[in-house]
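Here's the letter readout for the chains.
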Amino acid sequence: MNHLVQPLRILRYAALSGFQDFGSTWTLWTWAGGLFLRMMAQVAFFASIGHLLGSDAQVEYLFIGNAVVAAAVGCLTAATATTWERGAGTLPLLVACPTSPLLVLMGRSVFFIANGLAFSLGALVLLAPVFDVSIPSARFPVVFALVVLVTVTSYFSATFLGGLVLNATSARRTVPQVARMVMMAFCGVSVPRSVFPAPVRRLAGLLPLTHGLDAIRGVLDGAAAATVLDDIGLEVLVGAGWLALSLLTFQRMADAGRRDGSIVFSSA
Amino acid sequence: MRGLRGAARLQFQIVRADRGYLNEILANPFFAIIFLGIVRAAGRRDLTAYAVVAPVLITLWGMALEISGDIVDSDRGVGILEGVVATPVGFPTVVSGRVLAVTLLSGVAIVETWLVARIGFGVDITVHHPWALLATVVVTGLAAAGTAVIMAGVFVLARTAKTFQNSLNYPIFLLAGVIVPLSFLPGWLRPVGRMLFLSWSADLLRESLAPAAMVDVIPRLGIVLALGAAGLVVGRAVMHVVLTRVRILGTLSFE
């Protein structure tokens, strides 16, 4: 029992301190006027391309895809969390703590899940009427649950990327940026995957978001339950894969950093 | 001019040392894939010009915005902002020179977009009005450098430049009709879009790729330049007020 309680306690305290940090960087007004407004404008920007194409179906496709990818975009910034810790001088302490540093860092950056969720749900609720996209209220709870799933799977991929930039701080902005763009381009957000060659489609299937977004589109289009469940299963599987990858690699990267002395008390 | 050149040279050296500044250039091919993919999937090859112009302008604006925020943020972070502000050449000139350098670099976006269109989508882009295209690219770069001074001024005053950096991109892309022309915006928003030099640049670039004869090219190029110059004048005024204020309050490097 203690094996379960202790990690949860660590996660709780790490999450609390993470939320405190987030609150010291962003007030409600700067968050709403900065990050949230930007994401709403991003969704509106891509959805409006449907008007240029002269097709309501395109407007809906672009709106749903970009409203859902907002959740992933909001989470991927978690990949830079390790460099913030390095800048604050707390990274060596976290790496040296008796528990897994990944557990602490996941807790410290868990607010990004709330961040991503707020972006996506904000877009779905506030902008759907602007673009005449109808989301039946009966289906909204399922859509909500699927957005949560997409947000969590994207967050797991962000924790893996956070391990990658642990010892390569110069890539701290580049790695999440490329990840965001790859997801926006190839996961069926704005462009149907059928446009791309088969190898690209297969690789996109290994990314978080792809199957979750398919499931959300399926729910909204009234697809067969079995099809939607297949997509949900694949999204869960992909998310579990990214979490496993994080668990397998993070400690090794932290150990490598300890060996070569690249984990320092201040940003270099 | 020497100050401007020196600032540009400094920025080139900074970019060589910190590749993070090239993120926008890295993002460009993805934007090209997205826009060309949307047009391809919808079977609207007639909109190819829209799909190739947008990534170029997004890269150019993104880099100008990134650097105008980072100049203040990073210089403040390493404790040299006071020194830079105190230089005889003046802070606005330093900002313009440094933004001009990254604007020149964002010219790579044209090549990237062309390569994605050619190799990725088998699309040949014909430039029907090359001189208009070249002139638009040049004046757009100059206008970006001028406008960046306003943003840098605000960033000096703001608690953190990132707040603004993260929020300005997409609202501007939307309002300036970077891909969807202003005629699709609600009527009351169009005059706002016309105040942004990017909206004039977007129209000129799209038309330079179309076979139809272009009209009023020189006046419209003049408007892009005038909006950039207005940005520079307003930016200098904002910067003067802001710098005077933070000098009095002693909050230039308050972080």
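Residues numbered from 1 in each chain as written. Chains lettered and ligands numbered in written order. Predicted model: local features only at pLDDT ≥ 70, side-chain atom pairs only at ≥ 80, totals over all residues.

## Some remarks on the overall build of chain A
Step number 1: In terms of helices and strands, chain A carries 12 helices and zero strands.
Step number 2: Reading chain A from its N terminus to its C terminus gives the helix and strand order α-α-α-α-α-α-α-α-α-α-α-α.
Step number 3: Computed over C-alpha atoms, the radius of gyration of chain A comes to 19 Å, within 12% of the 18 Å expected from 2.2 N^0.38 for 268 residues, which places it in the range of a compact globule.
Step number 4: For chain A, the spread of C-alpha atoms along the principal axes amounts to about 55 × 40 × 40 Å.
Step number 5: Buried positions account for 49% of the 268 residues belonging to chain A.
Step number 6: Restricting to contacts in chain A with at least 6 residues of sequence separation, those with at least 24 account for 80%. (Helix = DSSP H or I, 4+ residues; strand = E, 2+ residues; numbered from the N terminus. Rg over C-alpha atoms; globule rule 2.2 N^0.38 Å. Buried ≥ 20, exposed ≤ 12 C-beta atoms within 10 Å, placed from the backbone. Contact = placed C-beta atoms within 7 Å.)

## Description of the overall build of chain B
Step number 1: Within chain B, the secondary structure is distributed over 11 helices and zero strands.
Step number 2: In sequence order, chain B lays out its α and β elements as α-α-α-α-α-α-α-α-α-α-α.
Step number 3: Taken over the C-alpha trace, chain B has a radius of gyration of 19 Å; the compact-globule value for 255 residues is 18 Å, and the two agree within 12%.
Step number 4: The contacts of chain B with a sequence gap of at least 6 include a subset with a gap of at least 24, amounting to 81%.

## Examining the nonpolar core
Step number 1: A:Val43, A:Val68, A:Ala70, B:Phe35, B:Ala54, B:Leu57 and B:Ala64 are the most contacted members of the largest nonpolar core, which has 161 residues in total.
Step number 2: Among the elements that make up this core, the one with the highest residue count is helix H3 (residues 48–77) of chain B (16 residues). (Core = buried A, V, L, I, M, F, W, Y, C linked by C-beta atoms within 7 Å.)

## Structural notes on the interface of chain A and chain B
Step number 1: With 29 residues of chain A in contact, the opposing surface of chain B contributes 28 residues.
Step number 2: Contributions of two or more residues to the side of chain A that touches chain B are made by helix H2 (28–53) and helix H9 (174–186) of chain A.
Step number 3: Sorting elements by how many residues they give to the side of chain A that touches chain B places H2(A) first, with 15 residues.
Step number 4: Grouping the amino acids of the side of chain A that touches chain B by side-chain chemistry returns 15 nonpolar, 12 polar and two charged. (Nonpolar A, V, L, I, M, F, W, Y, C, P; charged D, E, K, R; others polar.)

## Structural notes on helix H6 (residues 101–108) of chain A
Step number 1: Most of H6(A) is tucked away: seven of the eight residues are buried.
Step number 2: Those residues of H6(A) that fall on the buried side of the exposure criterion are A:Pro101, A:Leu102, A:Val104, A:Leu105, A:Met106, A:Gly107 and A:Arg108.

## As for the environment of B:Ala8
Residue and element names in this part refer to chain B.
Step number 1: Tracing the sequence through the fold places Ala-8 in helix H1 (residues 2–17).
Step number 2: Overall, the presence of 21 C-beta atoms within 10 Å leaves Ala-8 in the buried class.
Step number 3: Once the C-alpha coordinates of Ala-8 and Val-95 are considered, the two residues, 87 residues apart in sequence, prove to be 8.9 Å apart.
Step number 4: Excluding its chain neighbours within four sequence positions, the residues that come into contact with Ala-8 are Gly-97, Arg-98, Leu-100 and Ala-101.

## Description of the confidence of the model for chain B
All names here are of chain B.
Step number 1: Of all residues in chain B, 94% have pLDDT values of 70 or greater, and the mean over the chain is 85.
Step number 2: Predicted confidence in chain B is weakest over helix H4 (residues 81–86), with a mean pLDDT of 78, and strongest over helix H10 (residues 197–208), with 95.
Step number 3: Across the whole predicted complex the pTM is 0.89, and at the interface the ipTM reaches 0.90. (pLDDT = per-residue confidence, 0-100.)

## Some words on the packing of H1(B) against helix H5 (residues 91–105) of chain B
Packed helices, taken two at a time, are described by their axes: the angle between them and the distance between them.
All names here are of chain B.
Step number 1: Relative to each other, H1 and H5 sit at 50°, their axes nearing to 7 Å. Classified by the interaxial angle, the pair formed by H1 and H5 is oblique. As for how H1 packs across H5, the hand of that crossing is right-handed. Of H5, the residues touching H1 (which contributes Gly-3, Leu-4, Arg-5, Gly-6, Ala-7, Ala-8, Leu-10, Gln-11, Phe-12 and Val-15) are Thr-93, Val-94, Ser-96, Gly-97, Arg-98, Leu-100, Ala-101, Val-102 and Leu-105.
Step number 2: By residue class, the composition of the contact of H1 with H5 is 11 nonpolar, six polar and two charged. (Axes fitted to C-alpha atoms, helices over the stretch in contact; angles between N-to-C directions. Parallel < 35°, antiparallel > 145°, perpendicular 65-115°, else oblique. Left-handed = near helix turned anticlockwise from the far one by under 90°.)

## Quick look at H9(A)
Step number 1: The terminal C-alpha atoms of H9(A) lie 18 Å apart, and with 13 residues this matches the ideal 18 Å at 1.5 Å per residue to within 8%.
Step number 2: For H9(A), the set of buried residues is A:Pro176, A:Gln177, A:Ala179, A:Arg180, A:Met181, A:Met183, A:Met184, A:Ala185 and A:Phe186.
Step number 3: The inward-facing, buried residues of H9(A) abut helix H3 (56–76), helix H8 (140–164) and helix H10 (198–204) of chain A together with helix H2 (23–41) of chain B.
Step number 4: Once H9(A) finishes, A:Gly188 follows within two positions and takes phi at roughly 80°, a positive value. (Expected span 1.5 Å × (residues − 1).)

## Considering unusual backbone geometry
Step number 1: For A:Asp132, which is not glycine, the phi dihedral falls at a positive 55°.
Step number 2: Locating A:Asp132 in the fold gives a position in the loop between helix H7 (111–127) and H8.
Step number 3: The residue B:Asp216 is not glycine, and still its phi comes out positive at about 55°.
Step number 4: Positionally, B:Asp216 belongs in the loop between H10 and helix H11 (217–249).

## Focus: the confidence of the model for chain A
Step number 1: Put simply, chain A has an average pLDDT of 87, and 95% of its residues get 70 or more.
Step number 2: Here helix H4 (residues 81–88) of chain A stands out as the least confident element of chain A, with mean pLDDT 74; helix H11 (residues 210–221) of chain A is the most confident, with 96.

## Brief notes about the environment of A:Gly163
Residues and elements named next belong to chain A.
Step number 1: Within the element layout of this structure, Gly-163 appears in helix H8.
Step number 2: With 91 residues separating them in the primary sequence, Gly-163 and Ala-254 have C-alpha atoms 7.8 Å apart.
Step number 3: Not counting chain neighbours up to four residues away, the residues in contact with Gly-163 comprise Ser-246, Thr-249, Phe-250 and Met-253.

## Some words on the packing of H3(B) against H5(B)
Residues and elements named next belong to chain B.
Step number 1: Running from N to C, H3 and H5 point in directions that differ by 145°, and their axes come no closer than 9 Å. Of the two possible hands of crossing, H3 and H5 adopt the one that is right-handed. Here H3 contributes Leu-60, Met-63, Ala-64, Ile-67, Ser-68 and Ile-71 to the contact with H5, which in turn contributes Val-95, Arg-98, Val-99, Val-102, Thr-103 and Leu-105.
Step number 2: Within the contact of H3 with H5, the residues separate by chemical class into nine nonpolar, two polar and one charged.

## Description of the environment of A:Pro176
All names here are of chain A.
Step number 1: Relative to the helices and strands, Pro-176 resides in helix H9.
Step number 2: C-alpha of Pro-176 to C-alpha of Val-165: the two residues are 11 residues apart in sequence and 9.5 Å apart in space.
Step number 3: Ignoring sequence-local partners within four residues, the contact set of Pro-176 consists of Leu-76, Thr-77, Ala-79, Thr-80 and Leu-161.

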